[in-house]
Amino acid sequence: VQLQASGGGLVQAGGSLRLSCAAPRTIFSVFSVADMGWYRQAPGKQRELVAVITASGSTNYADSVKGRFTISRNNSRKTVSLQMNSLKPDDTAVYYCNRKEGQTSDWGQGTQVTVSS
């Protein structure tokens, strides 16, 4: 499954960004049954889970982003979004979209988010 992430950029601390991930070549039935998530990897650090939304719509967030980030999905458009508010310099990382179904895991190309202090 091909995932296309977009929406990264440079923002000042306290600002907002919205990341989007699309799966244009995926049929609806394949997209809608998968759990979709956003991960991030900062320089010198391991990739970590930021947020996930299951096929049923349940969400889970890393403690560091709770109350600031919101993940959502639109199955008809085959997209998943991450609204990021009150951004902090520690949120600086490459953000990756992920699709997981059973043992299958697909990754997007990553989009850079840089938060200046």
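Computed from a prediction, not measured in an experiment: that's the story for all the values here.

(A) Quick look at the overall build of the protein chain. Of regular secondary structure, the protein chain possesses 1 helix and 11 strands. Its helices and strands in sequence order give the protein chain the pattern β-β-β-α-β-β-β-β-β-β-β-β, from N to C terminus. Computed over C-alpha atoms, the radius of gyration of the protein chain comes to 13 Å, within 12% of the 13 Å expected from 2.2 N^0.38 for 117 residues, which places it in the range of a compact globule. In terms of overall dimensions, the protein chain has a C-alpha envelope of 45 × 25 × 20 Å along the principal axes. A separation of at least 24 residues holds for 53% of the contacts in the protein chain among residues at least 6 apart in sequence.

(B) Summary view of unusual backbone geometry. Although it is not a glycine, lysine 78 sits at a positive phi angle of roughly 60°. If you trace the backbone, lysine 78 turns up in the loop between strand E7 (69-74) and strand E8 (79-84).

(C) The nonpolar core, seen in detail. Trp38, Leu82, Met84 and Tyr95 are the most contacted members of the largest nonpolar core, which has 29 residues in total. Of all the elements in the fold, those that place two or more residues in this core are strand E3 (17-22), strand E4 (35-41), strand E5 (48-53), E7, E8, strand E9 (93-101) and strand E11 (111-116). Look past the residues within four positions of tyrosine 95 in its chain and what remains in contact with it is Leu19, Trp38, Tyr39, Arg40, Val50, Phe69, Leu82, Met84, Gly110, Thr111 and Val113.

(D) The arrangement of the pattern of salt bridges in detail. In total, this model carries 6 salt bridges according to the counting rule given. Between arginine 40 and glutamate 48 there is a salt bridge, with the nearest N and O atoms lying 2.8 Å from each other. Residue classification places arginine 40 among the buried positions, given a relative accessible area of 6%. Residue aspartate 91 is joined to arginine 40 by a salt bridge in which the shortest nitrogen-to-oxygen separation is 2.9 Å. Residue aspartate 91 is found in the loop between E8 and E9, and its partner arginine 40 is found in strand E4; the two are separated by 51 residues along the sequence. The same class applies to aspartate 91 as to arginine 40, namely buried. When salt bridges with common partners are traced through the structure, they connect Arg40, Glu48, Arg68 and Asp91 into a single cluster.

(E) Spotlight on the state of the cysteines. All told, the structure shown has 1 disulfide when counted by the stated rule. Paired through a disulfide, cysteine 21 and cysteine 97 show a sulfur-sulfur distance of 2.1 Å. Because the torsion about its S-S bond is -85°, the bridge between cysteine 21 and cysteine 97 counts as left-handed. With cysteine 21 in strand E3 and cysteine 97 in strand E9, this pair connects stretches of sequence that are 76 residues apart. Using a relative accessible area of 1% as the deciding quantity, one classes cysteine 21 as buried.

Rules used in this analysis
Residues numbered from 1 in each chain as written. Predicted model: local features only at pLDDT ≥ 70, side-chain atom pairs only at ≥ 80, totals over all residues. Heavy atoms only, no water. Helix = DSSP H or I, 4+ residues; strand = E, 2+ residues; numbered from the N terminus. Rg over C-alpha atoms; globule rule 2.2 N^0.38 Å. Contact = heavy atoms within 4.5 Å. Core = buried A, V, L, I, M, F, W, Y, C linked by side-chain atoms within 4.5 Å. Buried < 20%, exposed > 50% of the residue type's maximum accessible area, 1.4 Å probe, protein only. Salt bridge = Lys/Arg side-chain N within 4 Å of Asp/Glu carboxyl O. Disulfide = S-S within 2.5 Å.

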